[in-house]
Amino acid sequence: MGNIQRFRPFAVVWMALLLAAALSAAGELVSVHPRLSLAPDVFAVGQTSEVFLCVTNGSVGVNGTLRRGDKFIATFGAASGSIDSFEATAYVNSATLRPSDFSVQRGASSNQLVIYYVGVTKSFVPGDTVCAKLSVAAPAAVGSGKIRFEWVLNGMSYAGYYEYIELLSPVKDGRARF
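Residues numbered from 1 in each chain as written. Predicted model: local features only at pLDDT ≥ 70, side-chain atom pairs only at ≥ 80, totals over all residues. Heavy atoms only, no water.

Caption draft 1: Looking closely at the overall build of the chain. A tally of regular secondary structure across the chain gives 1 helix and 13 strands. If you list the helices and strands of the chain from N to C, you get α-β-β-β-β-β-β-β-β-β-β-β-β-β. Counting the 178 residues in the chain, one finds 37% classified as buried. Considering only contacts within the chain whose residues lie at least 6 apart along the sequence, 70% involve residues at least 24 apart. Carbon together with sulfur atoms contributes 60% to the accessible area of the chain, which is approximately 9900 Å² in total. (Helix = DSSP H or I, 4+ residues; strand = E, 2+ residues; numbered from the N terminus. Buried < 20%, exposed > 50% of the residue type's maximum accessible area, 1.4 Å probe, protein only. Contact = heavy atoms within 4.5 Å. Areas by Shrake-Rupley, 256 points an atom, 1.4 Å probe, with all protein chains shown as cover.)

What follows is the structure, encoded as structure tokens:
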């Protein structure tokens with residue numbers, strides 16, 4: 001019984017340390033709230049458009065962290081058009097992050113784009129933004145589009161959807177009409 005009593009305080013301390021580490025990691029993940037945007041988000045039917053697909057840390061007042069292997073994944077829905085091409089270099093608006101910290105690649109399908117974080121561990125400050133420039137061919141029918149947005153941060157996966165008005169009939173000058 002004496003051995004069990006000596007072991008119990010050690011086990012309690014060890015469990016407390018593990019719990020503190022887990023809560024710290026969870027708090028850090030919660031501090032990154034990626035927001036997806038597409039600019040422009042209105043396209044003429046049957047036309048190809050240059051667009052910026054951007055991810056911004058939408059957290060308020062709390063810095064997050066990006067680690068090598070973190071990624072942001074955007075998958076265009078079947079009725080949302082197709083990704084014709086993209087630039088492999090990211091565009092970045094941040095005091096600490098650089099374009100070389102990211103790699104833009106096609107994902108598992110032709111309608112999927114992945115922005116990988118390949119740099120050393122850095123802060124992802126609220127308002128920091130990383131963008132990929134791509135060329136999107138809109139379908140020939142009027143409608144709305146949907147992008148499945150996933151992110152993997154520190155090994156934890158999350159997902160959501162970004163809906164946008166996509167396909168409008170062009171007017172005489174070739175511009176979309178609302």
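Let's pick the thread back up.
Caption draft 2: A look at the nonpolar core. Core analysis: the biggest nonpolar cluster contains 30 residues, and Leu-53, Phe-72 and Leu-134 have the highest contact counts within it. Among the elements of the structure, β1 (34-39), β3 (48-57), β5 (71-76), β8 (102-106), β9 (112-117), β11 (129-137) and β12 (143-153) are those that each provide at least two residues to this core. The residues contacting Leu-53, other than those within four sequence positions of it, are Leu-36, Ser-37, Leu-38, Ala-74, Phe-76, Ile-115, Val-130, Cys-131, Ala-132, Leu-134 and Ile-147. (Core = buried A, V, L, I, M, F, W, Y, C linked by side-chain atoms within 4.5 Å.)

Caption draft 3: How the structure looks around unusual backbone geometry. Note the cis peptide between Ala-39 and Pro-40, where omega equals -5°. A positive phi is found at Asn-154, a non-glycine position, where the angle reads about 55°. Along the chain, Asn-154 falls in the loop between β12 and β13 (156-168). Among the residues examined, Asn-154 registers a relative accessible area of 35% and is labelled partly exposed.

Caption draft 4: Structural view of the state of the cysteines. Scanning the model with the defined rule gives 1 disulfide in all. Here Cys-54 engages in a disulfide with Cys-131; their sulfurs sit 2.0 Å apart. Taking the torsion about the S-S bond as the criterion, the Cys-54 to Cys-131 disulfide, at about 110°, is right-handed. You can see Cys-54 sitting in strand β3 and its partner Cys-131 sitting in strand β11, a full 77 residues away along the chain. Each member of the pair, Cys-54 as well as Cys-131, carries the same accessibility label: buried. (Disulfide = S-S within 2.5 Å.)

Caption draft 5: How the structure looks around the pattern of salt bridges. Summed over all chains, the structure comprises 3 salt bridges. The shortest N-O distance in the salt bridge between Lys-122 and Asp-101 comes to 2.8 Å. Residue Lys-122 is found in strand β10 (residues 122-124), and its partner Asp-101 is found in the loop between β7 (91-93) and β8; the two are separated by 21 residues along the sequence. Where Arg-148 meets Glu-150, a salt bridge forms, and the shortest distance between an N and an O atom there is 3.4 Å. With a relative accessible area of 21%, Glu-150 lands in the partly exposed category. (Salt bridge = Lys/Arg side-chain N within 4 Å of Asp/Glu carboxyl O.)

Caption draft 6: Structural context of the side chain of Asp-128. Relative to the helices and strands, Asp-128 is located in the loop between β10 and β11. An unpaired buried charge is present at Asp-128: no salt bridge exists, and Arg-98, the closest side chain of opposite charge, is 8.7 Å distant. (Lys, Arg positive; Asp, Glu negative; His and termini not counted.)

Caption draft 7: Spatial organisation of the pairing of β1. In β1, alternate side chains face the same way, and those of Pro-34, Leu-36 and Leu-38 are buried while those of Arg-35, Ser-37 and Ala-39 on the opposite face are not. Bridge count for β1 against β3 is 6 bridges, and the pairing is antiparallel. Of the residues in β3, the one forming a bridge with Arg-35 is Thr-56. (Pairing = 2+ DSSP bridges.)

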